[in-house]
Amino acid sequence: MKNNILPALRMSLALILVLAVAYPALMWGIAQLSPNQGKGEIVTYQGKKYYSNVGQKFDNDNYFWSRPSAVDYNAAGSGASNKGATNPEYLKEVEARIENFQKHNPGIAKQDIPVDMITASGSGLDPHISVKAAEVQAKRIASLRQLSETKVLDLIKTETEKPVLGLFGPEKINVLKLNIALDQLR
């Protein structure tokens, strides 16, 4: 028994030191090198502070809509619905989102609605939408704000975030930043 307990205790102590001390210290050190020291990017707009890395609820027709959230954009409790793709309740929810999207964006066919406009992300707090999701909303926004659709599409191009190092991840758009830029567009 002594032959098993001592190596197990040493291994446990080594793992505690590596996983509970060294790794968190390394991550903290890396975060200190990033902008805002790992605290997220704070955006101040019209006297209010927002975190650009946490999804915000935008459902006004004058703005680009955010991705749906299973947690109603509550950053205190992120999470998904955990309902499978064949769950009848979930399918009803997605159908309702499709109908609502088409009602507010007439002329967009069901198959042309990007999936990120009708399904929530795994965290429920995704601050980004795809470029396609922004582009399908451009006509509605241009019309309501009395802007040319070309001007709105140019804004989308300007606000598009490229993949990390040009390789990792898709192009995406931060909805908060896009809507702030939209408000500043003349």
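Before reading on, note that the structure itself is shown above.
Worth saying up front: this structure is predicted, and the values here are computed from it rather than measured. (Residues numbered from 1 in each chain as written. Predicted model: local features only at pLDDT ≥ 70, side-chain atom pairs only at ≥ 80, totals over all residues. Heavy atoms only, no water.)

## Quick notes on unusual backbone geometry
The criterion, for reference: Elements are defined by DSSP. Helices are runs of H or I of four residues or more, strands are runs of E of two residues or more, and each kind is numbered from the N terminus. Buried, partly exposed and exposed residues are distinguished by accessible area as a fraction of the type maximum, computed with a 1.4 Å probe on protein chains only: under 20%, between the cut-offs, and over 50%, respectively.
One non-glycine residue, Q146, lies in positive phi territory at about 55°. With respect to the element layout, Q146 can be found in the loop between α4 (138-145) and α5 (149-159). Overall, the relative accessible area of 74% leaves Q146 in the exposed class. Even without being a glycine, L165 presents a positive backbone phi close to 55°. Position of L165 among the secondary structure elements: in the loop between β4 (160-161) and β5 (172-174).

## Regarding α4
Formally: Any two residues whose heavy atoms approach within 4.5 Å at even a single point are treated as in contact.
For α4, the set of buried residues is A138, R140, I141 and A142. Packed against the buried residues of α4 are α2 (88-104), α3 (131-135), α5 and α6 (175-184). Immediately downstream of α4, the backbone of Q146 shows phi near 55°, a positive value.

## Details of the side chain of D183
We apply this condition: Identification of polar contacts relies on pairs of N or O atoms within 3.5 Å, with a donor-acceptor requirement for protein atoms, meaning one able to donate a hydrogen and the other able to accept it, and with residues adjacent in sequence counted only if both atoms are side-chain atoms.
Inspection of the secondary structure puts D183 in helix α6. Reaching out from D183, the side chain makes a polar contact with the side chain of Y63 at a distance of 2.9 Å. Reaching out from D183, the side chain makes a polar contact with the side chain of R145 at a distance of 3.0 Å. Not counting residues up to four positions away in its chain, the partners in contact with D183 are Y45, Y63 and R145.

## Comments concerning the packing of α4 against α5
Let me state the cut-off plainly: The axes used here are C-alpha line fits, helices contributing only the stretch in contact, and every angle between their N-to-C directions lies in the interval 0 to 180 degrees. Under this scheme an angle from 65 to 115 degrees is roughly perpendicular, one under 35 degrees roughly parallel, and one over 145 degrees roughly antiparallel; angles in between are oblique. In a left-handed crossing the near helix is turned counterclockwise from the far helix by less than a right angle, and in a right-handed crossing that turn is clockwise.
Two elements in contact, α4 and α5, have axes separated by 8 Å at closest approach and are oriented at 125°. Relative to α5, the element α4 is oriented oblique. Relative to α5, the crossing made by α4 is right-handed. Within the contact between the two elements, α4 uses A138, K139 and A142 and α5 uses E149, V152, L153 and I156.

## What about the nonpolar core?
Cut-off, in case you're wondering: Note on terminology: a nonpolar core comprises buried Ala, Val, Leu, Ile, Met, Phe, Trp, Tyr and Cys residues joined through side-chain atoms within 4.5 Å.
Ranked by internal contacts, the top residues of the largest apolar core, which has 31 residues, are F64, M117, I129, A134, V152, I156 and I173. Mapped onto this core, the elements with two or more residues apiece are β1 (42-45), α2, α3, α4, α5 and α6. The residues contacting A134, other than those within four sequence positions of it, are F64, I129, I156, I173 and L178.

## Quick look at a nonpolar patch on the surface
Selection rule: Two joining distances apply to patches: 9 Å for like charges and 5 Å for nonpolar side chains (Val, Leu, Ile, Met, Phe, Trp, Tyr), and every residue must have over 30% relative accessible area and no salt bridge. Per-residue and other accessible areas were derived by the Shrake-Rupley procedure at a 1.4 Å probe size, with only the shown protein chains allowed to occlude residues. The working definition used for a salt bridge is a side-chain nitrogen of Lys or Arg within 4 Å of a carboxyl oxygen of Asp or Glu.
Judged by side-chain polarity, M1, I5, L6 and L9 come together as a nonpolar surface patch covering roughly 440 Å² of accessible area. Here L6 is to be found in helix α1 (residues 2-33). Since its relative accessible area comes to 43%, L6 is described here as partly exposed.

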